[in-house]
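# Observations on chain architecture
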Amino acid sequence: MMRTLGQFKAKLLAALTFGWDLPPRPSPRVSAVEKVSRNALAELVGRSKSHPQRGEETSANPAYAALASLTDESGRPGLALGLRYETGEINFLDLEADADKMGDSGAFVDRAENLVLWRRLEELIYNKVDRNMVGPRRPIRAPEEVDI
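Residues numbered from 1 in each chain as written. Predicted model: local features only at pLDDT ≥ 70, side-chain atom pairs only at ≥ 80, totals over all residues. Heavy atoms only, no water.

### Regarding the overall build of the chain
Using the following cut-off: A run of H or I in DSSP becomes a helix once it reaches four residues, and a run of E becomes a strand once it reaches two; helices and strands are each numbered from the N terminus. For each residue, the accessible area found with a 1.4 Å probe, counting protein chains only, is set against the maximum for its type, and the residue is called buried under 20%, exposed over 50%, and partly exposed in between. In this analysis, two residues are considered to be in contact whenever any of their non-hydrogen atoms come within 4.5 Å of each other. Residue exposure ignores everything except the shown protein chains as possible cover, and the areas themselves are Shrake-Rupley values with a 1.4 Å probe.
Helix and strand counts for the chain stand at 4 helices and 2 strands. Starting at the N terminus and walking to the C terminus, you meet the elements of the chain as α-α-α-β-β-α. The 148 residues of the chain split such that 27% are buried. Long-range contacts, defined as pairs at least 24 residues apart, comprise 54% of the intrachain contacts of the chain with a sequence gap of at least 6. For the chain, the accessible surface area stands at approximately 11,200 Å², while carbon and sulfur atoms represent 57% of it.

Put into structure tokens, the structure is as follows:
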């Protein structure tokens, strides 16, 4: 009877999905990398609410290391993440911008470039976390337990 009910349930679910397949679940490693990346970015954003944050290559937080890489990629040595008080948004700004290059938004970059920089920062953070995360390894055993 249990087998019959299981088959009935499977056929009923197949009939109700109308041919749509559920998307595959991400692997546990991908889920862990995404969570660590989100937490690192959240810490960077939280600190940038009080004052602008610059990247650091040697930081333990992968978001700061990614921001330093983004600074090198963008060619803006004064690139930082800070709070725009007018709108309450966290945006990129150039702390070393010339006064004649600044537009209406001051040291903040324009909206289109801000979106590009955000996406690239998220990608760099994900890559740094993925590269630094240790994969599965064999357990370490005491010398007494090793059979030769």
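Having put the structure on the table, let's press on.
### Some details on the pairing of strand E2 (residues 89-94)
What counts is decided by this rule: Following DSSP output, two strands are said to pair if at least two bridges run between them.
Across the 6 residues that make up E2, a large majority, 5, are buried. Between strand E1 (residues 79-84) and E2, which pair antiparallel and follow one another directly, the connecting turn spans 4 residues, one of which, Gly88, has a positive phi of 80°.

### Here we look at a nonpolar patch on the surface
Our working rule: A patch is a set of surface residues, each over 30% in relative accessible area and not in a salt bridge, joined within 9 Å for like charges and within 5 Å for the nonpolar side chains Val, Leu, Ile, Met, Phe, Trp and Tyr. What makes a salt bridge here is a side-chain nitrogen of Lys or Arg within 4 Å of a carboxyl oxygen of Asp or Glu, nothing more.
Together, Met1, Met2 and Leu5 line one region of the surface with nonpolar side chains, adding up to about 420 Å² of accessible area. Mapping Met2 onto the fold places it in helix H1 (residues 2-16).

### Comments concerning helix H4 (residues 111-132)
To keep it simple, the criterion reads: Helix span, expected: 1.5 Å multiplied by one less than the number of residues in the helix. Read the arc as the range of directions from the helix axis to the C-beta atoms.
The end-to-end C-alpha separation of H4 is 32 Å, in line with the 32 Å expected for 22 residues at 1.5 Å each. Among the residues making up H4, those that are buried are Asn114, Leu117, Trp118, Leu121, Leu124, Ile125, Lys128 and Val129. The buried residues of H4 occupy an angular sector of 135° when the element is viewed end-on, so they sit on one face. Along H4, the residues that are exposed and aim more than 90 degrees away from the buried face are Ala112, Val116, Arg119 and Arg131. Residues of H4 that are buried make contact with helix H2 (28-48), helix H3 (62-74), E1 and E2.

### Structural notes on the nonpolar core
How we decide: Note on terminology: a nonpolar core comprises buried Ala, Val, Leu, Ile, Met, Phe, Trp, Tyr and Cys residues joined through side-chain atoms within 4.5 Å.
Leu41, Leu44, Leu70, Phe92, Trp118, Leu121 and Ile125 are the most contacted members of the largest nonpolar core, which totals 21 residues. Secondary-structure elements contributing two or more residues to this core are H2, H3, E1, E2 and H4. At 6 residues, the largest contribution of residues to this core is made by H4. Sequence-distant contacts of Leu44, that is, excluding residues within four places in its chain, are made with Gln53, Ala63, Tyr64, Leu67, Leu81 and Leu121.

### Let's talk about the pattern of salt bridges
Side-chain pairing between opposite charges can occur once the charged atoms of the two side chains come close. The tally for this structure, following the rule as stated, stands at 7 salt bridges. Residue Asp130 is joined to Arg29 by a salt bridge in which the shortest nitrogen-to-oxygen separation is 3.1 Å. Of the two residues, Asp130 sits in helix H4 while Arg29 sits in helix H2, which places them 101 residues apart along the sequence. Take Asp130: its relative accessible area is 31%, and that puts it in the partly exposed class. With a shortest N-O distance of 3.2 Å, Glu43 and Arg47 are connected by a salt bridge. On the criterion of helical spacing, the pair formed by Glu43 and Arg47 is a turn pair, its members being 4 residues apart in helix H2. Salt bridges sharing common partners tie together Glu73, Arg120 and Glu123.

### Some remarks on the side chain of Asp94
Relative to the assigned elements, Asp94 resides in strand E2. Every residue in contact with Asp94, bar those within four places of it in the chain, is listed here: Arg76, Gly78, Leu79 and Ala107.

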